[in-house]
Amino acid sequence: MPVYQDDMAACAEAATIEYAMRVLRVADIVVCGHSHCGAVGAKIRGEDLTGAPAVRDWLAQQISDELPKDDEPTVSAAVQQHVREQLNRLRGYPCVQERLAAGEVNLHGWFYEVHTGLVAAHHPASDLFLPL
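What comes next concerns the included structure. (Residues numbered from 1 in each chain as written. Predicted model: local features only at pLDDT ≥ 70, side-chain atom pairs only at ≥ 80, totals over all residues. Heavy atoms only, no water.)

Moving on, we get to the packing of aromatic side chains. Under the criterion given, the structure shown has one aromatic pair. Seen in terms of ring centroids, Y4 and Y93 are 5.3 Å apart; in terms of plane orientation they differ by 65°. Their pairing is edge-to-face. A residue pair is termed long-range when its members are at least 10 positions apart, and Y4 in the segment before α1 (12-22) and Y93 in the loop between α4 (76-91) and α5 (94-101) qualify at 89 residues. Assessed through its relative accessible area of 28%, Y4 is described here as partly exposed. (Phe/Tyr/Trp six-rings, centres within 6.5 Å; stacked < 30°, edge-to-face > 60°. Helix = DSSP H or I, 4+ residues; strand = E, 2+ residues; numbered from the N terminus. Buried < 20%, exposed > 50% of the residue type's maximum accessible area, 1.4 Å probe, protein only.)

Two strands pair when backbone bridges link them, and strand β3 (residues 119-123) and strand β4 (residues 128-131) are joined in this way by four bridges, in the antiparallel orientation. Residue pairing across strands places H122 opposite F129, the latter belonging to β4. (Pairing = 2+ DSSP bridges.)

In this section: the layout of surface pockets. Take a probe with the size of a water molecule and roll it over the atoms, and the empty space left behind shows itself. Roughly 240 Å³ of volume is contained in the largest pocket. Taken together, 15 residues make up the lining of the largest pocket; nearest its centre are V31, C32, W58, H82 and Q86. Looking at the lining of the largest pocket, the elements with two or more residues in it are β1 (28-34), α2 (38-45), α3 (53-62) and α4. Of the residues in the lining of the largest pocket, the class split is ten nonpolar, five polar and no charged. For the second largest pocket, the calculated volume is near 170 Å³. The wall of the second largest pocket is formed by 13 residues, among which Y4, M8, A9, A14 and E18 lie closest to the centre. When contributions to the lining of the second largest pocket are tallied by element, the ones reaching two or more residues are α1 and α5. The element that contributes the greatest number of residues to the lining of the second largest pocket is α1, accounting for four residues. (1 Å grid on protein atoms, 1.4 Å probe; cavity = no way out; pocket = protein on both sides within 12 Å on 5 of 7 lines; lining within 4 Å. Points joined across faces, edges and corners; volume = space filled by probe spheres on them. Nonpolar A, V, L, I, M, F, W, Y, C, P; charged D, E, K, R; others polar.)

A few words now on the sheet that holds β1. With mixed pairing, four strands are arranged side by side in an open sheet as β1-β2-β3-β4. Each edge of the open sheet is held by one strand with a lone partner, namely β1 and β4. The mean angle between the axes of side-by-side strands here comes to 35°, regardless of whether they run parallel or antiparallel. (Axes fitted to C-alpha atoms, helices over the stretch in contact; angles between N-to-C directions.)

Together, Y19, V23 and L24 make up an exposed nonpolar region whose accessible area comes to about 310 Å². Accessibility expressed as a relative area gives 46% for Y19, which makes it partly exposed. (Patch = residues over 30% accessible without salt bridge, like charges linked within 9 Å, V, L, I, M, F, W, Y side chains within 5 Å. Areas by Shrake-Rupley, 256 points an atom, 1.4 Å probe, with all protein chains shown as cover. Salt bridge = Lys/Arg side-chain N within 4 Å of Asp/Glu carboxyl O.)

It is worth spelling out unusual backbone geometry at this point. Positive phi values are uncommon outside glycine, yet R25 reaches one of about 55°. Secondary-structure assignment places R25 in the loop between α1 and β1. With relative accessibility at 42%, the residue R25 sits in the partly exposed group. If you check the backbone angles, D127 has positive phi at about 60° while not being a glycine. With respect to the element layout, D127 can be found in the loop between β3 and β4. Residue classification places D127 among the partly exposed residues on the basis of a relative accessible area of 37%.

Spanning 16 residues, α4 covers 23 Å between terminal C-alpha atoms, matching the ideal 22 Å at 1.5 Å per step. Most of α4 is tucked away: twelve of the 16 residues are buried. (Expected span 1.5 Å × (residues − 1).)

Printed below as a string of structure tokens:
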């Protein structure tokens, strides 16, 4: 999701988040990454995506160059960092900030390990993903 900016009225993601917070009054938001994420894998491996310019440009905006390099084919560490980044971006939206301050919404970061079925939740105090 994009970083919140004051002039993003026509942004689909911002509109969706705002609608979920202010109209639907969603109580829980789960950001879930998975161990076989092709987008994060392509980014951290530096793959050539010139043949897929929309994907390339989306990755450039959405996935930090600071993601950990990971030789593991499941790119777990990088995906988990991306989940953390997306949670931080959510916290930047005023409608999310208001609901967090009022104790009306909870943000959850999950990581799904495809090959084992394990689901781990992010624990902010320790900054670890631990099994649910």
